[in-house]
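This is what each chain is made of:
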Amino acid sequence: MTDQVLLARDAIAERDRAAFALGPDGHDRYIRRDLRKEEIAIARQFHGGAMWPYAVAAFGCFAIWLSFFPLAIMGMLNLPLAFVLSCVFCVGGYVTSHEAMHSNIGRPGSKTRWLNEAVGAVSTIPIVFPFSMARLMHLEHHYHCNHPEKDPDYTDEAPNIWAAWYKTWYNRQPGVDGSIHHYKRILAAMGTPIARRALVETMVVQLIFMATLFTMAWNGYAIEAALIWWLPRHIGLSYIRFFLSWAPHHPREGRMGRYENTYVFKSRVGHVLSMGMQYHIVHHLYPGIPNHRTKAAYYALKPILKARGVDVSPL
């Protein structure tokens, strides 16, 4: 047998071994390829749809929240009700901004692009987190999900539920090497004009926030300012950090693969109050699927996700 024949035979054998080498999910590359095609075909059915409700919710809630300030000064505000609604607006605003972060309301170059940017801009004001920074950090989270240094949300990791809730507050304390310091390191590593602009806009929004609180307190409306903006912001940030960051990603360490960087979980507060994060795996796989369609998309994709090694037993 000639050397050429031997080399050809070895090449064929090596090709066959590569083709039928089993991955972590127990499938060879041909099966994985077919599953991927089927997965994409199913996911494509859930992209798009009417996105105007997000815009209506964003602008409507922001207008109501903004009206609380003059109403409080005029003594015409039901403060307990305003406090509850402000908490809802802080949390819900992140949901509408989240769609804008992924350009699901209006793609670049489309006629509705301005609406996408406007929704994002107003939605994150109640939590004092400018849209430029929110989008930049969230996209970095997608690019480097669960990477200890590169994932902006990695600082939310905690060993259990109670520690996770505590950490949502602890990471915002002065002197703690928490979220904002992690953000600054990531922005410095990026070193782009967009990153520098996001940092400047964050500073401006925070100064406006502090100036508003100080001015209202100076004029005798400290309680109103605290219940309309300060406290709802902190409650909202903790709620967002827990449900959008910790719950669908815990435990993070070493789990950076496409089908392992998020978890399917059963939320004790249900689908709506957990903001659909029970099905967060769908969002990481296909960010173009709107939040309100992730549940249906999950159940359509469930057999394929199970075949790819995802633990779908909770739901």
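Read on for a plain summary of the structure. Since we're looking at a predicted model, the values are computed, not measured.

### Here we look at the overall build of the protein
On a plain count of helices and strands, the protein comes out with 13 helices and zero strands. When the helices and strands of the protein are read in sequence order from the N terminus, they spell out α-α-α-α-α-α-α-α-α-α-α-α-α. The buried share of the protein, reckoned over its 315 residues, is 45%. Expressed as a percentage of contacts within the protein between residues at least 6 apart in sequence, the contacts between residues at least 24 apart total 66%. For the protein, the accessible area works out to roughly 16300 Å², and carbon and sulfur atoms hold 67% of it. Once the 32 positive and 23 negative side-chain charges of the protein are each reduced to a mean point, those two points are 5 Å apart.

### Some words on the packing of helix 7 (residues 161-170) against helix 10 (residues 222-246)
The interhelical angle for the contact between helix 7 and helix 10, taken along N-to-C directions, is 130°, at an axis separation of 8 Å. With respect to helix 10, the element helix 7 is oriented oblique. In the crossing of helix 7 with helix 10, the sense of the turn from one axis to the other is right-handed. Taken together, the residues of helix 10 that come into contact with helix 7 (itself represented by Ile161, Ala164, Trp165, Thr168 and Trp169) are Ser238, Tyr239, Arg241, Phe242, Phe243 and Trp246. Its residues assigned to classes, the contact of helix 7 with helix 10 comprises eight nonpolar, two polar and one charged.

### A look at the pattern of salt bridges
Following the criterion strictly, the structure yields 10 salt bridges and no others. Notably, a salt bridge pairs Glu201 with Arg197, separated by 2.7 Å at the nearest N-O pair. Taken as a pair, Glu201 and Arg197 lie in helix 9 (residues 193-218) at a separation of four residues, close to a single helical turn. For Arg197, a relative accessible area of 57% puts it in the exposed group. What you see here is one network of salt bridges that share partners, running through Arg36, Glu39 and Arg258.

The rules we used
Residues numbered from 1 in each chain as written. Predicted model: local features only at pLDDT ≥ 70, side-chain atom pairs only at ≥ 80, totals over all residues. Heavy atoms only, no water. Helix = DSSP H or I, 4+ residues; strand = E, 2+ residues; numbered from the N terminus. Buried < 20%, exposed > 50% of the residue type's maximum accessible area, 1.4 Å probe, protein only. Contact = heavy atoms within 4.5 Å. Areas by Shrake-Rupley, 256 points an atom, 1.4 Å probe, with all protein chains shown as cover. Lys, Arg positive; Asp, Glu negative; His and termini not counted. Charge placed at Lys NZ, Arg CZ, Asp CG, Glu CD. Axes fitted to C-alpha atoms, helices over the stretch in contact; angles between N-to-C directions. Parallel < 35°, antiparallel > 145°, perpendicular 65-115°, else oblique. Left-handed = near helix turned anticlockwise from the far one by under 90°. Nonpolar A, V, L, I, M, F, W, Y, C, P; charged D, E, K, R; others polar. Salt bridge = Lys/Arg side-chain N within 4 Å of Asp/Glu carboxyl O.

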